[in-house]
Amino acid sequence: MTNKIQILTSIVILSLAIGCGNKKPKKSNVQTFNIDKQLSYCAQQATKTLTLIPKDGKSLPRNIAPDSQEWRFINYKDWTSGFWPGTLWYLYENTNDQKWKEQADTYSRYLTPLSVTPALDHDLGFQVFNSFGNGYRLTGNPEYKEIILKTADTLATLFNPNVGTILSWPREVPNMEWPQHNTIMDNMINLELLFWASKNGGDKSLYDIAVSHADKTMKNHFRPDYTSYHVVVYDRETGEKIKGVTHQGYADDSMWARGQGWAIYGYTMVYREVRDEKYLDLAQKTAKAYLDRLPNDLIPYWDFNAPNIPNEPRDASAAALVSSALLELSTFTKDSVLAKNYLDKAEKMLVELSNTYQSQDKNSAFLLHSTGHKPNGSEIDYSINYADYYYVEALLRLKKLKNGIPLTASLVTKTK
(Lines give C-alpha, C1' and ligand atoms only; values in the text may rest on other atoms or scores of the structure.)
Protein backbone atom coordinates (compact mmCIF):
# COMPACT_ATOMS: atom_id res chain seq x y z
CA MET A 1 0.00 0.00 0.00
CA THR A 2 2.81 2.36 0.92
CA ASN A 3 4.53 1.71 -2.44
CA LYS A 4 1.32 2.49 -4.30
CA ILE A 5 0.97 5.80 -2.48
CA GLN A 6 4.58 6.68 -3.24
CA ILE A 7 4.10 5.86 -6.93
CA LEU A 8 0.88 7.91 -7.14
CA THR A 9 2.57 10.84 -5.39
CA SER A 10 5.48 10.73 -7.84
CA ILE A 11 3.08 10.74 -10.79
CA VAL A 12 1.22 13.78 -9.43
CA ILE A 13 4.46 15.70 -8.83
CA LEU A 14 5.75 14.83 -12.30
CA SER A 15 2.47 15.90 -13.90
CA LEU A 16 2.55 19.23 -12.10
CA ALA A 17 6.14 19.81 -13.17
CA ILE A 18 5.31 19.11 -16.82
CA GLY A 19 2.13 21.23 -16.71
CA CYS A 20 3.95 24.19 -15.22
CA GLY A 21 6.97 23.83 -17.45
CA ASN A 22 8.90 23.25 -14.21
CA LYS A 23 8.96 27.03 -13.71
CA LYS A 24 8.12 29.11 -10.67
CA PRO A 25 4.76 30.87 -11.02
CA LYS A 26 5.02 34.49 -12.03
CA LYS A 27 3.86 37.21 -9.70
CA SER A 28 0.84 39.12 -10.96
CA ASN A 29 1.23 42.59 -12.41
CA VAL A 30 -1.04 43.93 -9.67
CA GLN A 31 1.26 42.68 -6.91
CA THR A 32 4.23 44.51 -8.41
CA PHE A 33 2.37 47.64 -9.53
CA ASN A 34 4.50 50.67 -8.68
CA ILE A 35 2.09 53.55 -8.03
CA ASP A 36 4.82 56.11 -7.38
CA LYS A 37 6.43 55.26 -10.71
CA GLN A 38 3.18 56.02 -12.52
CA LEU A 39 2.72 59.27 -10.61
CA SER A 40 6.28 60.29 -11.50
CA TYR A 41 5.47 59.54 -15.12
CA CYS A 42 2.43 61.83 -14.89
CA ALA A 43 4.59 64.62 -13.46
CA GLN A 44 7.12 64.19 -16.27
CA GLN A 45 4.40 64.36 -18.93
CA ALA A 46 2.78 67.39 -17.32
CA THR A 47 6.16 69.13 -17.23
CA LYS A 48 6.42 68.63 -20.99
CA THR A 49 2.92 70.00 -21.50
CA LEU A 50 3.69 73.14 -19.52
CA THR A 51 6.35 74.06 -22.08
CA LEU A 52 3.81 73.73 -24.92
CA ILE A 53 1.01 75.93 -23.59
CA PRO A 54 0.87 79.47 -25.06
CA LYS A 55 1.52 82.07 -22.37
CA ASP A 56 -1.54 84.10 -23.33
CA GLY A 57 -3.49 83.95 -20.08
CA LYS A 58 -6.33 81.89 -21.56
CA SER A 59 -5.14 78.67 -23.22
CA LEU A 60 -5.78 75.31 -21.55
CA PRO A 61 -4.89 71.92 -23.09
CA ARG A 62 -7.84 69.71 -24.05
CA ASN A 63 -6.82 66.93 -26.46
CA ILE A 64 -4.23 65.51 -28.85
CA ALA A 65 -5.18 63.76 -32.08
CA PRO A 66 -3.82 60.29 -32.92
CA ASP A 67 -0.24 60.36 -34.26
CA SER A 68 0.15 64.01 -33.22
CA GLN A 69 2.11 65.72 -30.48
CA GLU A 70 0.19 68.99 -30.61
CA TRP A 71 -2.43 69.88 -28.03
CA ARG A 72 -5.65 71.54 -29.04
CA PHE A 73 -6.20 74.41 -26.62
CA ILE A 74 -9.46 75.80 -25.27
CA ASN A 75 -10.45 78.68 -22.97
CA TYR A 76 -12.31 78.74 -19.67
CA LYS A 77 -15.76 78.38 -21.27
CA ASP A 78 -15.08 74.85 -22.53
CA TRP A 79 -16.62 72.17 -20.31
CA THR A 80 -13.23 70.49 -19.90
CA SER A 81 -11.42 73.62 -18.70
CA GLY A 82 -11.14 72.45 -15.09
CA PHE A 83 -9.35 69.19 -15.77
CA TRP A 84 -5.89 70.61 -16.49
CA PRO A 85 -5.67 72.79 -13.35
CA GLY A 86 -7.23 69.93 -11.38
CA THR A 87 -4.52 67.59 -12.61
CA LEU A 88 -1.86 70.07 -11.51
CA TRP A 89 -3.42 70.24 -8.05
CA TYR A 90 -3.23 66.45 -7.82
CA LEU A 91 0.45 66.55 -8.71
CA TYR A 92 0.96 69.12 -5.98
CA GLU A 93 -0.93 66.93 -3.53
CA ASN A 94 1.38 64.01 -4.27
CA THR A 95 4.66 65.91 -4.14
CA ASN A 96 4.21 69.10 -2.10
CA ASP A 97 6.39 70.68 -4.80
CA GLN A 98 5.65 74.42 -4.94
CA LYS A 99 6.09 74.36 -8.72
CA TRP A 100 2.85 72.44 -9.08
CA LYS A 101 1.06 74.68 -6.60
CA GLU A 102 2.05 77.79 -8.54
CA GLN A 103 1.08 76.33 -11.90
CA ALA A 104 -2.21 74.99 -10.54
CA ASP A 105 -3.05 78.41 -9.11
CA THR A 106 -2.22 80.14 -12.40
CA TYR A 107 -4.40 77.90 -14.55
CA SER A 108 -7.23 77.74 -12.01
CA ARG A 109 -7.51 81.53 -12.08
CA TYR A 110 -8.19 81.40 -15.82
CA LEU A 111 -11.60 80.04 -14.81
CA THR A 112 -12.53 82.85 -12.40
CA PRO A 113 -15.10 84.47 -14.77
CA LEU A 114 -17.30 81.37 -14.44
CA SER A 115 -18.21 82.44 -10.91
CA VAL A 116 -19.64 85.79 -11.97
CA THR A 117 -21.28 85.15 -15.34
CA PRO A 118 -24.61 83.44 -16.16
CA ALA A 119 -24.45 79.66 -16.43
CA LEU A 120 -23.66 78.44 -19.93
CA ASP A 121 -24.50 74.86 -18.94
CA HIS A 122 -24.33 72.38 -16.06
CA ASP A 123 -20.57 71.74 -16.24
CA LEU A 124 -19.60 74.28 -13.59
CA GLY A 125 -18.75 71.49 -11.17
CA PHE A 126 -16.35 69.89 -13.62
CA GLN A 127 -14.84 73.28 -14.27
CA VAL A 128 -14.66 75.01 -10.89
CA PHE A 129 -14.73 72.22 -8.32
CA ASN A 130 -11.98 70.26 -10.07
CA SER A 131 -9.81 73.37 -10.15
CA PHE A 132 -10.62 75.72 -7.26
CA GLY A 133 -12.20 72.89 -5.24
CA ASN A 134 -9.02 70.84 -5.22
CA GLY A 135 -7.07 74.03 -4.66
CA TYR A 136 -9.08 74.97 -1.58
CA ARG A 137 -8.87 71.44 -0.21
CA LEU A 138 -5.07 71.59 -0.37
CA THR A 139 -4.40 75.22 0.56
CA GLY A 140 -7.41 76.69 2.35
CA ASN A 141 -7.09 79.83 0.23
CA PRO A 142 -10.18 81.98 1.08
CA GLU A 143 -10.25 83.45 -2.44
CA TYR A 144 -10.85 79.98 -3.81
CA LYS A 145 -13.71 79.41 -1.37
CA GLU A 146 -15.45 82.59 -2.46
CA ILE A 147 -15.21 81.57 -6.11
CA ILE A 148 -16.58 78.09 -5.34
CA LEU A 149 -19.56 79.47 -3.40
CA LYS A 150 -20.43 81.99 -6.11
CA THR A 151 -20.21 79.27 -8.75
CA ALA A 152 -22.54 77.00 -6.77
CA ASP A 153 -25.14 79.76 -6.73
CA THR A 154 -24.70 80.17 -10.47
CA LEU A 155 -25.20 76.45 -11.07
CA ALA A 156 -28.35 76.51 -8.93
CA THR A 157 -29.99 78.94 -11.37
CA LEU A 158 -30.35 76.01 -13.80
CA PHE A 159 -32.53 74.06 -11.35
CA ASN A 160 -36.12 73.63 -12.46
CA PRO A 161 -38.36 72.93 -9.42
CA ASN A 162 -41.16 71.68 -11.68
CA VAL A 163 -38.86 68.89 -12.86
CA GLY A 164 -36.61 68.49 -9.85
CA THR A 165 -33.32 68.46 -11.77
CA ILE A 166 -30.71 70.87 -13.08
CA LEU A 167 -31.05 71.77 -16.76
CA SER A 168 -27.97 70.44 -18.53
CA TRP A 169 -28.06 72.36 -21.81
CA PRO A 170 -29.96 75.67 -21.76
CA ARG A 171 -29.98 75.82 -25.55
CA GLU A 172 -30.94 73.95 -28.70
CA VAL A 173 -29.33 70.51 -28.87
CA PRO A 174 -30.38 67.84 -31.42
CA ASN A 175 -33.08 65.42 -30.21
CA MET A 176 -33.65 67.30 -26.94
CA GLU A 177 -37.01 68.89 -27.95
CA TRP A 178 -35.90 72.32 -26.82
CA PRO A 179 -37.24 74.29 -24.98
CA GLN A 180 -38.17 71.23 -22.94
CA HIS A 181 -35.95 70.33 -19.99
CA ASN A 182 -32.97 68.01 -20.57
CA THR A 183 -30.78 66.31 -17.98
CA ILE A 184 -27.71 64.21 -18.79
CA MET A 185 -26.04 61.60 -16.62
CA ASP A 186 -22.80 63.63 -16.61
CA ASN A 187 -24.64 66.18 -14.47
CA MET A 188 -24.39 63.87 -11.46
CA ILE A 189 -20.74 64.85 -11.05
CA ASN A 190 -21.62 68.52 -10.68
CA LEU A 191 -23.73 67.86 -7.60
CA GLU A 192 -20.54 67.62 -5.54
CA LEU A 193 -20.11 71.38 -5.94
CA LEU A 194 -23.59 71.98 -4.49
CA PHE A 195 -23.13 69.57 -1.59
CA TRP A 196 -19.80 71.13 -0.68
CA ALA A 197 -21.12 74.68 -0.89
CA SER A 198 -24.15 73.87 1.29
CA LYS A 199 -21.83 72.60 4.03
CA ASN A 200 -19.22 75.37 3.76
CA GLY A 201 -21.07 78.65 3.99
CA GLY A 202 -23.48 78.43 1.05
CA ASP A 203 -27.26 78.36 1.19
CA LYS A 204 -28.72 75.15 2.59
CA SER A 205 -31.09 74.97 -0.38
CA LEU A 206 -28.12 73.86 -2.49
CA TYR A 207 -28.13 70.56 -0.60
CA ASP A 208 -31.83 70.08 -1.31
CA ILE A 209 -31.30 70.81 -5.02
CA ALA A 210 -28.56 68.20 -5.22
CA VAL A 211 -30.67 65.56 -3.45
CA SER A 212 -33.67 66.32 -5.65
CA HIS A 213 -31.56 65.96 -8.77
CA ALA A 214 -30.08 62.66 -7.58
CA ASP A 215 -33.52 61.25 -6.70
CA LYS A 216 -35.18 62.28 -9.95
CA THR A 217 -32.27 60.88 -11.95
CA MET A 218 -32.45 57.64 -9.98
CA LYS A 219 -36.13 57.32 -10.85
CA ASN A 220 -35.91 58.06 -14.58
CA HIS A 221 -32.41 57.40 -15.93
CA PHE A 222 -32.08 53.67 -15.29
CA ARG A 223 -33.44 50.63 -17.08
CA PRO A 224 -34.41 47.43 -15.22
CA ASP A 225 -30.88 46.04 -15.68
CA TYR A 226 -29.36 49.25 -14.21
CA THR A 227 -27.78 50.41 -17.43
CA SER A 228 -28.39 54.12 -17.86
CA TYR A 229 -29.78 56.46 -20.44
CA HIS A 230 -27.41 59.25 -21.32
CA VAL A 231 -30.18 61.86 -21.42
CA VAL A 232 -33.73 62.15 -20.13
CA VAL A 233 -35.98 64.84 -21.58
CA TYR A 234 -38.72 66.19 -19.29
CA ASP A 235 -41.71 68.42 -19.80
CA ARG A 236 -40.45 71.66 -18.31
CA GLU A 237 -43.88 72.60 -16.92
CA THR A 238 -45.20 69.30 -15.56
CA GLY A 239 -41.91 67.50 -14.86
CA GLU A 240 -43.15 64.38 -16.64
CA LYS A 241 -40.57 62.22 -18.42
CA ILE A 242 -40.89 62.56 -22.19
CA LYS A 243 -38.16 60.15 -23.28
CA GLY A 244 -34.77 58.63 -22.56
CA VAL A 245 -32.21 59.10 -25.33
CA THR A 246 -28.51 59.17 -26.06
CA HIS A 247 -26.32 62.00 -27.26
CA GLN A 248 -22.86 60.45 -27.24
CA GLY A 249 -23.68 56.75 -27.12
CA TYR A 250 -24.45 54.29 -29.92
CA ALA A 251 -28.24 54.15 -29.47
CA ASP A 252 -30.96 55.31 -27.10
CA ASP A 253 -31.06 51.90 -25.43
CA SER A 254 -27.31 51.20 -25.42
CA MET A 255 -24.88 51.50 -22.51
CA TRP A 256 -22.49 54.32 -23.34
CA ALA A 257 -19.35 53.48 -21.37
CA ARG A 258 -18.49 56.87 -19.94
CA GLY A 259 -22.14 57.62 -19.17
CA GLN A 260 -22.35 54.48 -17.04
CA GLY A 261 -19.11 55.62 -15.43
CA TRP A 262 -20.65 58.98 -14.51
CA ALA A 263 -23.49 57.07 -12.84
CA ILE A 264 -21.15 54.87 -10.77
CA TYR A 265 -18.97 57.81 -9.76
CA GLY A 266 -21.91 60.14 -9.18
CA TYR A 267 -23.97 57.92 -6.90
CA THR A 268 -20.90 56.85 -4.95
CA MET A 269 -20.25 60.55 -4.29
CA VAL A 270 -23.90 61.21 -3.38
CA TYR A 271 -23.78 58.37 -0.85
CA ARG A 272 -20.65 59.93 0.64
CA GLU A 273 -22.45 63.26 1.05
CA VAL A 274 -25.91 62.06 2.13
CA ARG A 275 -25.31 58.57 3.64
CA ASP A 276 -28.65 57.24 2.44
CA GLU A 277 -28.33 53.51 1.68
CA LYS A 278 -30.42 53.79 -1.48
CA TYR A 279 -27.57 55.66 -3.18
CA LEU A 280 -25.03 53.04 -2.17
CA ASP A 281 -27.33 50.32 -3.47
CA LEU A 282 -27.70 52.08 -6.81
CA ALA A 283 -23.95 52.71 -7.11
CA GLN A 284 -23.32 49.00 -6.58
CA LYS A 285 -25.96 47.95 -9.11
CA THR A 286 -24.68 50.34 -11.78
CA ALA A 287 -21.15 49.11 -11.09
CA LYS A 288 -22.27 45.51 -11.54
CA ALA A 289 -23.94 46.32 -14.87
CA TYR A 290 -20.64 47.84 -16.03
CA LEU A 291 -18.25 45.24 -14.64
CA ASP A 292 -20.25 42.26 -15.86
CA ARG A 293 -19.97 43.46 -19.47
CA LEU A 294 -16.30 44.42 -19.58
CA PRO A 295 -13.82 42.73 -21.93
CA ASN A 296 -11.07 40.67 -20.32
CA ASP A 297 -8.59 43.56 -20.16
CA LEU A 298 -11.16 45.70 -18.28
CA ILE A 299 -10.91 48.67 -20.68
CA PRO A 300 -14.33 49.26 -22.23
CA TYR A 301 -15.23 49.89 -25.82
CA TRP A 302 -16.74 53.36 -26.19
CA ASP A 303 -20.23 51.84 -26.02
CA PHE A 304 -20.97 48.35 -24.70
CA ASN A 305 -23.53 47.80 -27.47
CA ALA A 306 -21.50 49.20 -30.37
CA PRO A 307 -22.11 46.93 -33.39
CA ASN A 308 -18.55 46.13 -34.49
CA ILE A 309 -16.90 44.98 -31.27
CA PRO A 310 -14.00 44.07 -31.09
CA ASN A 311 -13.31 46.48 -33.95
CA GLU A 312 -14.60 49.51 -32.07
CA PRO A 313 -12.61 52.28 -30.34
CA ARG A 314 -11.83 51.86 -26.67
CA ASP A 315 -12.37 54.57 -24.08
CA ALA A 316 -9.49 54.93 -21.65
CA SER A 317 -11.26 57.89 -20.06
CA ALA A 318 -14.14 55.65 -18.95
CA ALA A 319 -11.68 53.13 -17.50
CA ALA A 320 -9.85 55.84 -15.56
CA LEU A 321 -13.11 57.33 -14.30
CA VAL A 322 -14.54 54.00 -13.18
CA SER A 323 -11.32 52.86 -11.54
CA SER A 324 -11.40 55.99 -9.40
CA ALA A 325 -15.08 55.49 -8.58
CA LEU A 326 -14.60 51.84 -7.61
CA LEU A 327 -11.78 52.73 -5.23
CA GLU A 328 -14.09 55.03 -3.30
CA LEU A 329 -17.00 52.59 -3.56
CA SER A 330 -14.79 49.90 -2.01
CA THR A 331 -14.60 51.96 1.17
CA PHE A 332 -18.39 52.17 1.55
CA THR A 333 -19.79 48.76 0.71
CA LYS A 334 -20.69 46.63 3.71
CA ASP A 335 -19.81 43.40 1.87
CA SER A 336 -16.11 42.63 2.39
CA VAL A 337 -15.98 40.32 -0.63
CA LEU A 338 -17.54 42.98 -2.85
CA ALA A 339 -15.21 45.63 -1.45
CA LYS A 340 -12.19 43.51 -2.32
CA ASN A 341 -13.58 42.90 -5.81
CA TYR A 342 -13.96 46.64 -6.39
CA LEU A 343 -10.44 47.29 -5.15
CA ASP A 344 -8.93 44.49 -7.22
CA LYS A 345 -10.78 45.47 -10.39
CA ALA A 346 -9.83 49.12 -9.98
CA GLU A 347 -6.18 48.24 -9.52
CA LYS A 348 -6.19 45.92 -12.52
CA MET A 349 -7.71 48.70 -14.62
CA LEU A 350 -4.90 51.02 -13.55
CA VAL A 351 -2.32 48.35 -14.30
CA GLU A 352 -3.71 47.90 -17.80
CA LEU A 353 -3.88 51.65 -18.41
CA SER A 354 -0.30 52.01 -17.18
CA ASN A 355 1.07 49.07 -19.16
CA THR A 356 -0.78 49.55 -22.44
CA TYR A 357 -2.37 52.99 -22.68
CA GLN A 358 0.29 55.44 -21.49
CA SER A 359 1.32 58.02 -24.09
CA GLN A 360 5.01 57.83 -23.16
CA ASP A 361 6.98 59.52 -25.99
CA LYS A 362 4.04 59.63 -28.44
CA ASN A 363 2.80 62.88 -26.91
CA SER A 364 2.83 64.71 -23.58
CA ALA A 365 -0.58 63.56 -22.34
CA PHE A 366 -0.78 60.74 -19.81
CA LEU A 367 -2.99 58.32 -21.76
CA LEU A 368 -3.87 57.35 -25.32
CA HIS A 369 -7.07 55.88 -26.79
CA SER A 370 -9.99 57.81 -25.33
CA THR A 371 -13.23 58.43 -27.19
CA GLY A 372 -15.08 61.69 -26.75
CA HIS A 373 -18.15 61.85 -29.01
CA LYS A 374 -18.08 59.11 -31.62
CA PRO A 375 -21.53 59.75 -33.17
CA ASN A 376 -20.36 63.30 -33.85
CA GLY A 377 -16.99 62.11 -35.21
CA SER A 378 -15.25 63.99 -32.42
CA GLU A 379 -12.16 62.97 -30.40
CA ILE A 380 -12.07 59.34 -31.53
CA ASP A 381 -8.94 57.54 -30.27
CA TYR A 382 -7.58 60.78 -28.81
CA SER A 383 -5.63 61.73 -25.74
CA ILE A 384 -8.09 63.80 -23.67
CA ASN A 385 -7.54 65.87 -20.53
CA TYR A 386 -10.31 64.26 -18.46
CA ALA A 387 -8.81 60.80 -19.00
CA ASP A 388 -5.56 62.12 -17.52
CA TYR A 389 -7.40 63.79 -14.62
CA TYR A 390 -9.23 60.66 -13.50
CA TYR A 391 -6.14 58.52 -14.07
CA VAL A 392 -4.03 60.57 -11.68
CA GLU A 393 -6.96 60.85 -9.25
CA ALA A 394 -7.32 57.06 -9.23
CA LEU A 395 -3.58 56.58 -8.71
CA LEU A 396 -3.68 58.93 -5.72
CA ARG A 397 -6.72 57.17 -4.30
CA LEU A 398 -5.05 53.78 -4.66
CA LYS A 399 -1.89 55.11 -3.02
CA LYS A 400 -3.91 56.41 -0.07
CA LEU A 401 -5.74 53.12 0.40
CA LYS A 402 -2.44 51.20 0.25
CA ASN A 403 -1.01 53.54 2.89
CA GLY A 404 -4.07 53.44 5.15
CA ILE A 405 -4.89 57.11 4.51
CA PRO A 406 -8.57 58.17 4.23
CA LEU A 407 -9.51 59.24 0.71
CA THR A 408 -10.58 62.62 2.06
CA ALA A 409 -7.10 63.36 3.45
CA SER A 410 -4.21 64.82 1.49
CA LEU A 411 -1.04 62.82 0.92
CA VAL A 412 1.29 65.62 1.96
CA THR A 413 1.38 68.32 4.60
CA LYS A 414 -0.75 71.28 3.62
CA THR A 415 1.07 74.56 3.10
CA LYS A 416 -0.45 77.99 2.81
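This text gives an overview of the structure that appears in the document. These figures come from a predicted structure and were not determined experimentally. (Residues numbered from 1 in each chain as written. Predicted model: local features only at pLDDT ≥ 70, side-chain atom pairs only at ≥ 80, totals over all residues. Heavy atoms only, no water.)

1. Some details on the sheet that holds strand 5 (residues 181-184)
Pairing is antiparallel across the open sheet formed by three strands, whose spatial order is 5-6-7. Among the strands making up the open sheet, the edge pair consists of strand 5 and strand 7 (241-245). Taken over all neighbouring pairs, the strand axes of this sheet differ in orientation by 20° on average, direction set aside. As judged from the four bridges shared by strand 6 (residues 231-234) and strand 7, these two strands associate in the antiparallel manner. Looking at strand 7, one finds that Tyr234 is bridged to Lys241. Running at roughly 100° to strand 6, helix 8 (residues 205-220) makes contact with strand 5, strand 6 and strand 7 of the sheet. (Pairing = 2+ DSSP bridges. Helix = DSSP H or I, 4+ residues; strand = E, 2+ residues; numbered from the N terminus. Axes fitted to C-alpha atoms, helices over the stretch in contact; angles between N-to-C directions. Contact = heavy atoms within 4.5 Å.)

2. Thoughts on the side chain of Ser383
Following the sequence through the fold, Ser383 ends up in strand 9 (residues 378-384). Looking at Ser383, its side chain comes within polar contact range of the side chain of Asn363, at 3.2 Å. Residues contacting Ser383, with those up to four places away along its chain left out, are Arg62, Asn63, Ile64, Ser359, Asn363, Ala365, Leu367 and Leu368. (Polar contact = N/O pair within 3.5 Å; in protein donor to acceptor, adjacent residues only side chain to side chain.)

3. A word on helix 5 (residues 124-139)
Given a rise of 1.5 Å per residue, 16 residues ought to cover 22 Å, and the 21 Å separating the end C-alpha atoms of helix 5 matches this to within 8%. Remark: the principal bend of helix 5, roughly 30°, maps to Asn130. Most of helix 5 sits out of view: 14 of its 16 residues are buried. Note on helix 5: the residue one or two positions beyond its end, Gly140, has a positive phi of about 70°. (Expected span 1.5 Å × (residues − 1). Bend = angle between axes of the 7 residues up to and from the residue. Buried < 20%, exposed > 50% of the residue type's maximum accessible area, 1.4 Å probe, protein only.)

4. Considerations on the nonpolar core
Judged by nonpolar contacts, the single largest core of 113 residues is most densely connected at Leu191, Leu353 and Tyr390. Among residues more than four places away in sequence, those in contact with Tyr390 are Phe83, Phe126, Ile189, Trp262, Tyr265, Ala320, Leu321 and Ser324. (Core = buried A, V, L, I, M, F, W, Y, C linked by side-chain atoms within 4.5 Å.)

So, to be careful, I would describe these as geometric facts and stop short of saying anything about function.
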